[in-house]
Amino acid sequence: ADRDFARAELGVTDDTPIVFSFGGSLGAKTINTAMVDLIASLHESGKCKFIHGYGQYGKWVPDAMREKGVDVDNNKNIDVREYIYDMDKCLAAADIIISRSGASTLSEIEAVGRASVLIPSPNVAENHQYHNAMTLVNVNAARVIEEKDLTREKLLDTVNELLDNKALRDEMGANANRLSIIDAGDRIAEIIVSLV
């Protein structure tokens with residue numbers, strides 16, 4: 001995916017960093033609440049643009065932002081949607097991704113090579129999303145904040161660290177990309193052919 005092309009497709013004409021956040025098609029209340037606070041804290045700074053997908057159960061998010069003084073309807077730096085229909089473009093355009101840490105999501109983050117802040121779902125078998133996230137954390141490709149530790153201040157500090165340090169974002173993105181496997185189909189086909 002080409003970052004510049006994706007940004008142009010999204011109507012982004014400058015190089016301001018994009019923070020892209022989502023919690024899945026249904027939405028994740030914890031991520032939605034955290035993003036309301038984060039966007040309220042940073043929306044006037046001009047440090048970044050936001051794309052946030054709040055999901056089916058997060059329809060309260062735009063009103064919550066308005067209550068905190070965020071003009072979600074007229075601020076060109078804020079794109080808040082129920083569902084992300086153009087995930088490929090948003091991932092490619094992003095500089096920082098905030099999300100859960102399911103295997104498919106991490107595969108996409110690795111493929112586009114982006115720095116991420118991962119908030120694993122605690123409501124999964126054997127806490128596997130935390131262990132997924134640590135795969136990226138251990139190679140300095142991501143930061144992880146467990147739900148039990150997630151506060152407005154902690155997320156703000158973590159995102160500001162990444163926004164203020166492009167070299168760190170680039171390093172983390174490159175580290176994530178080194179983990180990616182983008183030829184799985186070819187590998188499977190080779191095994192099948194070898195067995196025939």
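Read on for an overview of the structure.

Definitions and cut-offs
- Residues numbered from 1 in each chain as written.
- Predicted model: local features only at pLDDT ≥ 70, side-chain atom pairs only at ≥ 80, totals over all residues.
- Heavy atoms only, no water.
- Helix = DSSP H or I, 4+ residues; strand = E, 2+ residues; numbered from the N terminus.
- Buried < 20%, exposed > 50% of the residue type's maximum accessible area, 1.4 Å probe, protein only.
- Areas by Shrake-Rupley, 256 points an atom, 1.4 Å probe, with all protein chains shown as cover.
- Lys, Arg positive; Asp, Glu negative; His and termini not counted.
- Charge placed at Lys NZ, Arg CZ, Asp CG, Glu CD.
- Phe/Tyr/Trp six-rings, centres within 6.5 Å; stacked < 30°, edge-to-face > 60°.
- Pairing = 2+ DSSP bridges.
- Axes fitted to C-alpha atoms, helices over the stretch in contact; angles between N-to-C directions.
- Contact = heavy atoms within 4.5 Å.
- Salt bridge = Lys/Arg side-chain N within 4 Å of Asp/Glu carboxyl O.

**A few points about the overall build of the chain**
A tally of helices and strands in the chain yields 9 helices and 6 strands. For the chain, the spread of C-alpha atoms along the three principal axes comes to 65 × 40 × 30 Å. Buried residues in the chain amount to 46% of all 196 residues. Of the accessible surface of the chain, which amounts to about 10100 Å², a share of 49% is contributed by carbon and sulfur atoms. Across the chain, the 21 positively charged side chains and the 31 negatively charged ones have centroids separated by 3 Å.

**Observations concerning the packing of aromatic side chains**
Tallied over the full model, the rule gives 2 aromatic pairs. Judged by centre distance (4.9 Å) and plane angle (40 degrees), the ring pair of Phe 20 and Phe 22 falls under tilted. Given the relative accessible area of 0%, Phe 20 is considered buried. A ring pair is formed by Tyr 83 and Tyr 85, whose centres lie 4.8 Å apart and whose planes are at 65 degrees; its orientation type is edge-to-face. On the basis of relative accessibility, which here comes to 72%, the residue Tyr 85 falls in the exposed class.

**With respect to the sheet that holds strand E3 (residues 78-81)**
Spatial ordering of the open sheet is given by E3-E2-E1-E4-E5-E6, a layout of 6 strands whose pairing is parallel. At either end of the open sheet lies a strand with only one pairing partner, and these are E3 and strand E6 (142-144). Direction aside, the axes of adjacent strands within the sheet are offset by 10 degrees on average. Bridge analysis of strand E5 (residues 115-118) against E6 gives 3 bridges, and the strand direction is parallel. Paired with Val 117 across the strands is Arg 143, a residue of E6. Against the sheet, helix H2 (residues 29-42) engages strand E1 (18-22), strand E2 (49-53), E3 and strand E4 (96-99), with an angle of about 160 degrees to E2. Helix-sheet contacts for helix H8 (residues 166-178) involve E4, E5 and E6, and the interaxial angle to E5 is about 85 degrees.

**Re the pattern of salt bridges**
The full count for this structure, using the stated rule, is 20 salt bridges. For Asp 73, the salt bridge goes to Arg 66, with nearest N and O atoms at 3.0 Å. Overall, Asp 73 belongs to the exposed group, its relative accessible area being 53%. Across the salt bridge formed by Arg 152 and Glu 153, the nearest N and O atoms sit 3.8 Å from each other. A relative accessible area of 41% places Arg 152 in the partly exposed class. With relative accessibility at 45%, the residue Glu 153 sits in the partly exposed group.

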